[in-house]
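Summary of structural features
Residues per chain are reported as follows:
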2 protein chains.
Amino acid sequence: MDINQKVENALKEIKRGSSEIIGEERIKELVKNYFEKGENFTIKAGFDPTAPDLHLGHTVLLQKLKIFQKYGAIVQFLIGDFTAQIGDPTGKNKTRKMLTPKEVEENAKTYKEQVFKILDKDKTEVVFNSKWLNALGAKGIVELTTTYTVARMLERDDFEKRFKSNTPIAISEFIYPLLQGYDSVALKSDIEIGGTDQKFNLLMGRYLQRVYNVGKEQSVIMMPLLIGLDGINKMSKSLGNYIGITEDANTIFAKVLSISDELMWEWYDLLSDKSLQEIEKLKSDVKNGRNPKEIKEMLAIEIVDRFHGKGAGEKAKEHFDRVHKQNKIPEDIPEFEMEPMNIVDALVAAKLASSKSEARRHIKGGAVRINQEKINSADINLESGKEYILQIGKRKFAKVRIK
Amino acid sequence: MDINQKVENALKEIKRGSSEIIGEERIKELVKNYFEKGENFTIKAGFDPTAPDLHLGHTVLLQKLKIFQKYGAIVQFLIGDFTAQIGDPTGKNKTRKMLTPKEVEENAKTYKEQVFKILDKDKTEVVFNSKWLNALGAKGIVELTTTYTVARMLERDDFEKRFKSNTPIAISEFIYPLLQGYDSVALKSDIEIGGTDQKFNLLMGRYLQRVYNVGKEQSVIMMPLLIGLDGINKMSKSLGNYIGITEDANTIFAKVLSISDELMWEWYDLLSDKSLQEIEKLKSDVKNGRNPKEIKEMLAIEIVDRFHGKGAGEKAKEHFDRVHKQNKIPEDIPEFEMEPMNIVDALVAAKLASSKSEARRHIKGGAVRINQEKINSADINLESGKEYILQIGKRKFAKVRIK
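As the structure is a prediction and not an experimental result, all values here were calculated from the model.

Definitions and cut-offs
Residues numbered from 1 in each chain as written. Chains lettered and ligands numbered in written order. Predicted model: local features only at pLDDT ≥ 70, side-chain atom pairs only at ≥ 80, totals over all residues. Heavy atoms only, no water. UniProt positions renumbered as here; feature names shortened; annotations may be inferred. Helix = DSSP H or I, 4+ residues; strand = E, 2+ residues; numbered from the N terminus. Contact = heavy atoms within 4.5 Å. Pairing = 2+ DSSP bridges. Axes fitted to C-alpha atoms, helices over the stretch in contact; angles between N-to-C directions. Least-squares fit on C-alpha atoms with pLDDT ≥ 70 in both. Parallel < 35°, antiparallel > 145°, perpendicular 65-115°, else oblique. Left-handed = near helix turned anticlockwise from the far one by under 90°. Nonpolar A, V, L, I, M, F, W, Y, C, P; charged D, E, K, R; others polar. Buried area = accessible area lost by both parts, 1.4 Å probe. Salt bridge = Lys/Arg side-chain N within 4 Å of Asp/Glu carboxyl O. Phe/Tyr/Trp six-rings, centres within 6.5 Å; stacked < 30°, edge-to-face > 60°. Buried < 20%, exposed > 50% of the residue type's maximum accessible area, 1.4 Å probe, protein only. Lys NZ or Arg CZ within 6 Å of the ring centre and 35° of its normal. Domains from an automatic or database assignment. Expected span 1.5 Å × (residues − 1). Arc of directions from axis to C-beta. Lys, Arg positive; Asp, Glu negative; His and termini not counted.

Concerning the UniProt feature "binding site: ATP" (unreviewed entry) in chain A
Residues and elements named next belong to chain A. Those residues carrying the UniProt feature "binding site: ATP" (unreviewed entry) are Lys 237 in this numbering. By the element assignment, Lys 237 lies in the loop between β6 (219-223) and α10 (249-257). In contact with Lys 237, other than residues within four places in its own chain, are Asp 53, His 55 and Tyr 242.

Quick look at the structure:
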């Protein structure tokens, strides 16, 4: 394969799943230059030091960075610790987290443990922006704020909305985008990656590299926000539709299997190490009749392996199958309607046990489930107006509706 | 006189000529405390380090500070050198002056030479805000900007106008009022004085002293902007209606004498060391028929003495009278109408000289003036359509109109 072909293929992988790229030509040059001369380039990605627990949504950027590393990039893994040291003398902003240097260090450690499950350690520099931002001093910070106007800052989407709705914006919030942009000046980054919601700040890096005569303007690649388990909202801790990358293998596997077939293909694009060709192949398999569940299992295995080591995915699949089979409810089960009564009486009434003593024995032996939950006591009353699935052992089921 | 009476009188002198006072009760307490226990308090006044040449307009504040010094104040003479070191990386703002530390020092020296003609050196601390503002560091500056919102900053009159008219406002301009306010935090000032145009910034000092728990909130006294020689606009270098305090004695004297009687009383209030009682006396003198020109001469003498030493005012008055008498044009002088011609011929035609040779002799001897300007050459032609006052020596005049 000649170099131009290799560059084209690399570009396809780089662009895969991205929302927008600014300065694409330069990215192409950097990759070509790597293939031709082995010269590296830099790509910057910023991370919040106050929240080191990553979920799958965060790994969209990490997966893309891994691709870049394949094609010559040194990742500038930037921990934005400068703002974490900023206090609020008014005491109004109680929700903003302040971190001590020790906490920053601990969080950084947690980050590293997580990100090096994806990134190549040898092609990653972990950097802290407090280093050069503190060095700017009072003078440097004020100088930085001479470069941008109030009106242009208010053009940023969220600022505009808040300003129009009279929601307070602290002046410091006008400084943060400039600080993020200045990080690109200090690091002389060739590329910066971020979410689509970061566009304003990513472009600020380009602008400030020009103002401060860095001699280049970073290209910008924006990734979409990963849709969460619900298939509707972006993945977030607060919405609960997330997969934490430190969650146990079985949980991750089950959660991935719960997503829709449609979302699965989006996740393949954004999260899988499989090549575009491999993914195309899987799509055509499904068209030709293959059960999409198998494809989803492959994705789940890949993701579990990533965070719990090779082989962990297969084990999680076996566990899932076992549990799932055990708890499977047959489609056609006998139904009963009855008065409110004790579980022992109900098991007899639903013909799952021939006598109360048999019913009690099954409960004692751990063979009885209500709504798939094993029960340990006979002291349970079925309540008026509710429906229950009663089960003894693996094969005896009944549905009871309480009058 | 009992203490309460003394305090009342002091308050009257303090309030004299001021536009607005905020926290007047506290000023009263501070003065009373001084009379009772001899305890000093502080009053801050900020000066621009880029323009050390003061005119009379600036001395309005200095005169008020001098009054405060009489009643126990230590003046914090603040040279705002921090902002003078701020560059503009965009290079757009070419008009803003940047100063080297050496230039700041030289300007400070010039300031001191000028202000200690008014202020008591022993009750004045000259301070530079770069000291504590640089010490804030990058972190401290950003923290400072968390204390104030964009919307409230835009309420400042000039910002609001510029924002509405789409005139660019650099974000740094939102920081400067906070820096000025922080000066009051660092200096723990009891009072700050400024022009009425500084109200927003003066109140910022109160606000930030509260936010930063200084334990007091500075009182604020605002002085009107001095009206210039034209009697209409505020005194300013660019309008040319000013009296520079380093101008020579004769110029200052003549300029003061040129102002209107109405403006004279305003200047007395804002610039004179005379007490309110003395000024009231002068006003009643004028009502009883005294020539206001004499009162104006007294003011001019006082101001010249202030900047050129005791006695300089009397000398300037004598010089003024001499020149004025010399150049006085009698009210009733002969008038002539004539063709365009040479000055020598004109002097003869206007019967000021009996012959051309006599006219030439007078010119050579320096006795001839045209429109009160001495001429040194006979090679001057009077031009068509103009009027000239011709004069030989002190007493011979003629008005000639050239056809």
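As for the sheet that holds strand β1 (residues 20-22) of chain B
Strand pairing in a sheet is mediated by backbone hydrogen bonds. Such pairs are either parallel or antiparallel. Residues and elements named next belong to chain B. Within the open sheet, the 6 strands sit side by side as β1-β6-β5-β2-β3-β4. Their pairing is mixed. The strands lining the two open edges of the sheet, one partner per strand, are β1 and β4 (124-128). Sheet twist, expressed as the mean angle between neighbouring strand axes with direction ignored, is 20 degrees. One ladder, built from 5 bridges, connects strand β3 (residues 73-79) with β4; its direction is parallel.

Some points on the relation of the copies chain B and chain A
Aligned on chain A, chain B shows an RMSD of 0.3 Å; the corresponding rotation is 180 degrees and the shift along the axis is 0.2 Å. Viewed as a symmetry operation, the transformation between the two copies matches a two-fold axis. When the interface residues of chain B are mapped onto chain A, 100% of them are again interface residues, pointing to one common binding face.

Structural notes on the sheet that holds strand β7 (residues 335-338) of chain B
Residues and elements named next belong to chain B. A sheet is described by the order of its strands in space; here 5 strands give the open sequence β7-β13-β12-β9-β10, paired in mixed fashion. Of all strands in the sheet, those bounded by a partner on one side alone are β7 and β10 (373-374). In terms of strand pairing, β7 meets strand β13 (residues 396-402) through 4 bridges, oriented parallel. Bridging across to β13, Met 338 finds its partner in Ile 402.

A look at the packing of helix α8 (residues 171-187) of chain B against helix α9 (residues 199-211) of chain B
When two helices pack together, their arrangement is given by the angle between their axes and by how far apart the axes lie. Residue and element names in this part refer to chain B. Where α8 meets α9, the axes come as close as 7 Å, and the angle between the chain directions of the two elements is 50 degrees. Taken together, the axes of α8 and α9 are oblique relative to one another. Of the two possible hands of crossing, α8 and α9 adopt the one that is right-handed. Of the residues in α9, those in contact with Pro 177, Leu 178, Gln 180, Gly 181, Tyr 182, Ser 184 and Val 185 of α8 are Phe 200, Asn 201, Leu 202, Met 204, Gly 205, Leu 208 and Gln 209. Here the contact of α8 with α9 is built from residues that sort into 8 nonpolar, 6 polar and no charged.

Side note on the interface of chain B and chain A
Contact residues are listed per partner, giving 39 residues for chain B and 39 residues for chain A. Approximately 3,100 Å² of surface area, both sides summed, lies buried where chain B meets chain A, with 77% of it carried by carbon and sulfur atoms. Counting across the chain B and chain A interface gives 0 salt bridges. Sorting elements by how many residues they give to the side of chain B that touches chain A places helix α5 (residues 130-145) of chain B first, with 9 residues. Classifying every residue of the side of chain B that touches chain A gives 24 nonpolar, 10 polar and 5 charged.

With respect to the pattern of salt bridges
Between side chains of opposite charge, a pair can form as their charged atoms come close. For the structure on display, the rule yields 68 salt bridges over all chains. Note that A:Glu247 and A:Lys255 form a salt bridge whose closest N and O atoms lie 3.0 Å from each other. For B:Asp157, the salt bridge is made with B:Lys161, and the minimal N-O distance between the two is 3.9 Å. Of this pair, B:Asp157 and B:Lys161 both sit in helix α7 (residues 157-164), 4 residues apart, which is roughly one turn of the helix. The structure contains a network of salt bridges with shared partners spanning A:Lys66, A:Asp273, A:Glu302 and A:Arg306.

Some details on the packing of aromatic side chains
A full pass over the atoms with the stated rule returns 23 aromatic pairs over all chains. With 5.1 Å between their ring centres and 55 degrees between their planes, A:Phe159 and A:Phe174 make a pair best called tilted. Taken together, the residues A:Phe159 in helix α7 (residues 157-164) and A:Phe174 in helix α8 (residues 171-187) connect sequence positions 15 residues apart. Both residues of the pair, A:Phe159 and A:Phe174, belong to the buried class. When the centroid spacing of 5.8 Å and the interplanar angle of 65 degrees are considered together, the rings of B:Phe47 and B:Tyr111 count as edge-to-face. Placement of B:Phe47 in strand β2 (residues 41-47) and of B:Tyr111 in helix α4 (residues 101-115) is noted, with a sequence separation of 64 residues between them. Of the two residues examined, B:Phe47 and B:Tyr111, each falls in the buried class. Cluster of aromatic residues (ring-pair linked, three or more members): A:Tyr34, A:Phe35 and A:Tyr71. We note B:Arg152 situated over the ring of B:Tyr207; from NZ or CZ to the ring centre the distance is 5.6 Å.

Considering the domain arrangement of chain A
The domain boundaries assigned to chain A delineate domain 1 (3-223), domain 2 (249-326) and domain 3 (335-402). Domain 2 of chain A and domain 3 of chain A are separated by 36 Å when their C-alpha centres are compared.

Thoughts on the UniProt feature "domain: RNA-binding S4" (unreviewed entry) in chain A
As recorded in UniProt, the sites labelled "domain: RNA-binding S4" (unreviewed entry) are residues 342-403 of chain A. End-to-end, the C-alpha atoms of residues 342-403 of chain A are 14 Å apart, and along that stretch the chain is 26% helix and 34% strand.

Thoughts on unusual backbone geometry
One non-glycine residue with positive phi stands out, namely A:Asn371, at about 50 degrees. Turning to its location among the elements, A:Asn371 is positioned in the loop between β9 (368-370) and β10 (373-374). We classify A:Asn371 as partly exposed; its relative accessible area is 39%. Despite not being glycine, B:Lys188 has its phi angle at roughly 50 degrees, a positive value.

Re helix α1 (residues 3-15) of chain B
All names here are of chain B. Along its 13 residues, α1 runs 18 Å from first to last C-alpha, staying within 8% of the 18 Å computed at 1.5 Å per residue. Taken together, the buried positions of α1 are occupied by Val 7, Ala 10, Leu 11, Glu 13 and Ile 14. Seen along its axis, α1 keeps its buried residues to an arc of 160 degrees; they face one direction. Contacts made by the buried residues of α1 are with α2 (24-37), α3 (56-70), β6 (219-223) and α12 (276-287). The first or second residue beyond α1 is Gly 17, which carries a positive phi of 80 degrees.

A few points about the side chain of B:Asp183
Residue and element names in this part refer to chain B. Within the secondary structure, Asp 183 sits in helix α8. Buried and unpaired, Asp 183 has no salt bridge, with Lys 44 as the nearest side chain of opposite charge at 4.7 Å. Apart from residues no more than four positions distant in its own chain, Asp 183 is found in contact with Lys 44, Leu 78, Asn 129, Trp 132 and Leu 133.

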